[in-house]
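Coordinate analysis (summary)
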Amino acid sequence: MPWPTEQDTEVFEIIEREETRQNTGLQLIASENFTSPAVMAATGSVLTNKYSEGYPGKRYYGGNEYVDESEDLARRRVCELFGATHANVQPHSGANANLGVYLALLQPGDTVLGLSLDHGGHLTHGSPVNVSGRFYNFISYGLTASDERMDLEQLRDLAVRQKPKMIVAGATAYSRTIDPQPIREICDEVDALFMFDAAHIAGLIAGGAHPNPVGVADIVTFTTHKTLRGPRGGCILSTEEHAAAIDKAIFPGLQGGPLEHVIAAKAVAFKEASHPSFSDYAAQVVSNARALADSLGGHGFRLVSGGTDNHLMLIDLRPFNSELTGKEAQVALDRAGITLNKNTIPDDPRSPFVTSGLRIGTPSVTTQGMKEQEMARIGDLIARVLADPTDDAILGEARRDVAELCGGFEPYA
Ligand SMILES: *Cc1c(COP(=O)(O)O)cnc(C)c1O
């Protein structure tokens, strides 16, 4: 049977338009990145055709000799990259990695502490609309009111009072270093398991720009597509003690057949992240975030916690313009070719659909090769657009300047 000869222009023209969007606009969404041609080639490979329920050496179907090699390679590489003893590379996403850990190590109704969603935590850390919040008794800890950093005193008090089975650390909108050591001490004091969700910062950890929670936390989960710059997916690292329970929870507990094309692409990304140049990348991501934060601070925006140690910053728009919402800012910037997301700031008086803030990240622009000098230009562009967010002439002019800036840094030229 021959393949259909007719080109599916309807789909491929959409993909082409998306490629142009990525090449000509500024991608400042903190959880996004650009993957290498090798990562994309593995993702688009014949491995997508294979069913391989189970794990290397223990599959339900035949024909898995090469898939076994690839998944083993991915596991070995990620263990070496982070210094872990066991890895499960099958989670389809970061959310599934977290759910797999909960399914492996908790009973429904168990008490867990997680960072509050409106202080930067993730949906899978106990949001009432997420399965984590529906099946487990998540209790939130937060940031201090004074310096907007993780409130370790509050976390310890809560832990002593609530006796949680597990403490979850990690965030989706938090711009400061998370030191795993003091959290380990709290877990030891109350005999809780320690899960560190490194979804956002896995690439910074791999590149040596942030402290490694492996060997400190009992379990580390992360996504492979954010700062780590691999295909979309998740991963779980654990001690030998929890390995069997976690593997059983991911399959057959939570998922069916693994995405072996994505697992091969994860292996490619793990190797890329072990290259010395990836450390330069991670350091540049952080320097760029600092430079962009400085620029925006100079334009009158308030930085939540006063700045950033990682790849992202949270901007409080109110000192710049108390009427301007995150929602309006996101729309205006999008029209100028600057893609980012509205975000609540700690104790935001506006709803999560409106917000008083923006979350801005530098992983993508850094992959493109931009440096501090370009960050200053981006800060100027954001300020110019947000000074007149409804002025079509200004938006059009900014859109041209964005295209000109991106012209020298096309990710997929
Ligand atoms: C992004 C993220 C996740 C979820 O990853 P998905 O692949 O989108 O499911 C989980 N935890 C944190 C902290 C995240 O930032």
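Residues numbered from 1 in each chain as written. Predicted model: local features only at pLDDT ≥ 70, side-chain atom pairs only at ≥ 80, totals over all residues. Heavy atoms only, no water.

**Quick look at the sheet that holds strand β10 (residues 234-238)**
Note the threshold: Criterion used throughout: strands pair if DSSP finds at least two bridges between them. Starting at the N terminus, helices and strands are each numbered in turn, a helix being any DSSP run of H or I of at least four residues and a strand any DSSP run of E of at least two. Geometry is summarised by axes, namely lines fitted to C-alpha atoms with helices restricted to the contacting stretch, and by angles between N-to-C directions that run from 0 to 180 degrees.
One open sheet accounts for seven strands, arranged β4-β10-β9-β8-β7-β5-β6; its pairing is mixed. If you trace the sheet from one side to the other, it starts and ends with β4 (86-88) and β6 (137-141), each paired once. Across the sheet, the mean angle from the axis of one strand to that of its neighbour is 20°, orientation sign disregarded. Inspection of the sheet shows strand β5 (residues 111-115) paired to strand β7 (residues 166-169) by two bridges, in the parallel sense. In the strand pairing of β7, Val-112 is matched with Met-166.

**Focus: the packing of aromatic side chains**
Keep this limit in mind: Pairing of aromatic rings covers Phe, Tyr and Trp, the last through its six-membered ring, and needs centres within 6.5 Å; plane angles under 30 degrees mean stacked, over 60 mean edge-to-face, and all others mean tilted. Throughout, exposure labels follow a simple rule: accessible area from a 1.4 Å probe, protein chains only, divided by the maximum for the residue type, with under 20% read as buried, over 50% as exposed, and the rest as partly exposed. Criterion for a charge above a ring: Lys NZ or Arg CZ within 6 Å of the ring centre, and within 35 degrees of the ring normal.
Evaluation of the coordinates by the stated rule reveals nine aromatic pairs. Here Phe-34 and Tyr-412 contribute two aromatic rings whose centre-to-centre distance is 5.9 Å and whose plane-to-plane angle is 90°, an arrangement assigned as edge-to-face. Within this pair, whereas Phe-34 is found in the loop between β1 (26-27) and α2 (37-43), its partner Tyr-412 is found in the segment after α15 (392-407), the two being separated by 378 residues in sequence. By relative accessible area, Phe-34 is classed as buried at 5%. You can call Tyr-412 buried: its relative accessible area is 18%. Counting every residue linked through ring pairs, the aromatic cluster contains Tyr-102, Tyr-136 and Phe-138. Its end group placed over the ring of Tyr-281, Arg-229 keeps NZ or CZ at 4.2 Å from the ring centre.

**Let's talk about a negative patch on the surface**
Defined as follows: Patch building starts from residues that exceed 30% relative accessible area and form no salt bridge, then joins like charges within 9 Å and nonpolar side chains (Val, Leu, Ile, Met, Phe, Trp, Tyr) within 5 Å. Computed with the Shrake-Rupley method and a 1.4 Å probe, the accessible areas treat only the protein chains shown as cover for residues. The term salt bridge refers to a side-chain nitrogen of Lys or Arg lying within 4 Å of a carboxyl oxygen of Asp or Glu. In this tally, Asp and Glu contribute negative charge and Lys and Arg positive charge; neither His nor the terminal groups of the chain are included. Taken as the charge location is NZ of Lys, CZ of Arg, CG of Asp or CD of Glu.
Side chains of Glu-6, Asp-8, Glu-10, Glu-13, Glu-16 and Glu-19 sit close together on the surface and give a patch of like negative charge. Tracing the backbone through its elements, the reader meets Glu-13 in helix α1 (residues 9-24). Assessed through its relative accessible area of 43%, Glu-13 is described here as partly exposed.

**Some points on the domain arrangement of the chain**
So the rule is basically this: Domain segmentation is taken from an automatic or database assignment of domains. Contacts were defined at the residue level, with two residues in contact if any of their heavy atoms lie within 4.5 Å. Values labelled buried area give the accessible surface lost by two parts on being combined, using a 1.4 Å probe and summing over both.
In terms of domains, the chain is made up of domain 1 (39-274) and domain 2 (278-407). The C-alpha-based centres of domain 1 and domain 2 are spaced at 28 Å. Counting residues at the interface gives 25 residues for domain 1, matched by 26 residues for domain 2. Between domain 1 and domain 2, roughly 2100 Å² of surface is buried when both sides are summed, and carbon and sulfur atoms account for 52% of that area. Sorting the residues of domain 1 by area buried against domain 2 places Glu-148, Ser-175 and Arg-229 first, and these three jointly supply 28% of that buried surface. The tally of links from domain 1 across to domain 2 stands at two salt bridges.

**A look at the site of the ligand**
Stated precisely, the cut-off is as follows: Nearness is judged by heavy atoms alone; a residue qualifies as near a molecule or strand once a single heavy atom is within 4 Å of it. Nitrogen and oxygen atoms within 3.5 Å of one another constitute a polar contact, given that in protein one can donate a hydrogen and the other can accept it, and given that sequence-neighbouring residues count only through two side-chain atoms.
Around the ligand, a shell composed of 13 residues is seen, among which Gly-94, Ala-95, Asp-197, His-200 and Lys-226 lie nearest. The separation between an oxygen atom of the ligand and a polar main-chain atom of Gly-94 is 2.9 Å. Asp-197 is positioned with one of its side-chain polar atoms (N or O) 2.6 Å from a nitrogen atom of the ligand. Protein contact buries 85% of the 380 Å² of open area that the ligand shows by itself. If one sorts the elements of the shell around the ligand by residue count, helix α4 (residues 94-105) sits on top with three residues.

**Here's the deal with a nonpolar patch on the surface**
Taken together, the side chains of Val-11, Phe-12 and Ile-15 present a nonpolar region at the surface, about 260 Å² in accessible area. Mapped onto the fold, Phe-12 is located in helix α1. Overall, Phe-12 belongs to the partly exposed group, its relative accessible area being 47%.

**Quick notes on the side chain of Glu-53**
Residue placement: Glu-53 occurs in the loop between α2 and β2 (54-55). Once residues lying within four places of it in the same chain are set aside, the contact partners of Glu-53 are Lys-58, Arg-59, Tyr-60, Tyr-61, Phe-251, Gly-256, Gly-257 and Pro-258.

**Section: the sheet that holds strand β14 (residues 341-343)**
What the four strands build is an open sheet, ordered β11-β12-β15-β14; its pairing is antiparallel. The sheet is open, and its two borders are formed by β11 (302-303) and β14, each paired with just one other strand. Inspection of the sheet shows strand β12 (residues 312-316) paired to strand β15 (residues 357-361) by five bridges, in the antiparallel sense. Note on β15: the bridge partner recorded for Leu-312 is Gly-361. The strands touched by helix α11 (residues 276-298) are β11, β12 and β15; relative to β12, the strand with the most contacts, the crossing angle is about 15°.

**Thoughts on the packing of helix α6 (residues 152-162) against helix α7 (residues 180-190)**
Spelled out, the test is: Here roughly perpendicular refers to angles of 65 to 115 degrees, roughly parallel to angles under 35, roughly antiparallel to angles over 145, and oblique to all remaining angles. Two helices crossing with the near one rotated counterclockwise from the far one by less than a right angle form a left-handed crossing, whereas a clockwise rotation gives a right-handed crossing. In the scheme used here, Gly and all other residues not listed as nonpolar or charged are polar, with Ala, Val, Leu, Ile, Met, Phe, Trp, Tyr, Cys and Pro taken as nonpolar and Asp, Glu, Lys and Arg as charged.
Interhelical geometry of α6 versus α7 gives an angle of 15° and a closest axis separation of 10 Å. Judged by the inter-axis angle, α6 sits roughly parallel to α7. As for how α6 packs across α7, the hand of that crossing is right-handed. Here Leu-152, Leu-155, Arg-156, Ala-159 and Val-160 of α6 come into contact with α7, specifically with Pro-182, Ile-183, Ile-186, Glu-189 and Val-190. Grouping the constituent residues of the contact of α6 with α7 by class yields eight nonpolar, no polar and two charged.

**Things to note about the pattern of salt bridges**
Overall, the coordinates contain 17 salt bridges when judged by the stated rule. One salt bridge in this structure joins Glu-260 and Arg-59, with 3.5 Å as the shortest N-O distance. A residue pair is termed long-range when its members are at least 10 positions apart, and Glu-260 in helix α10 (residues 260-274) and Arg-59 in strand β3 (residues 58-59) qualify at 201 residues. Given the relative accessible area of 15%, Arg-59 is considered buried. Here Arg-156 and Glu-189 are joined by a salt bridge, their closest N and O atoms 2.5 Å apart. Within this pair, whereas Arg-156 is found in helix α6, its partner Glu-189 is found in helix α7, the two being separated by 33 residues in sequence. The exposure class assigned to Arg-156 is partly exposed, which follows from its relative accessible area of 36%. Judged by its relative accessible area of 46%, Glu-189 falls in the partly exposed class. Several salt bridges converge on common partners, so that one network encompasses Arg-59, Asp-68, Glu-71 and Glu-260.

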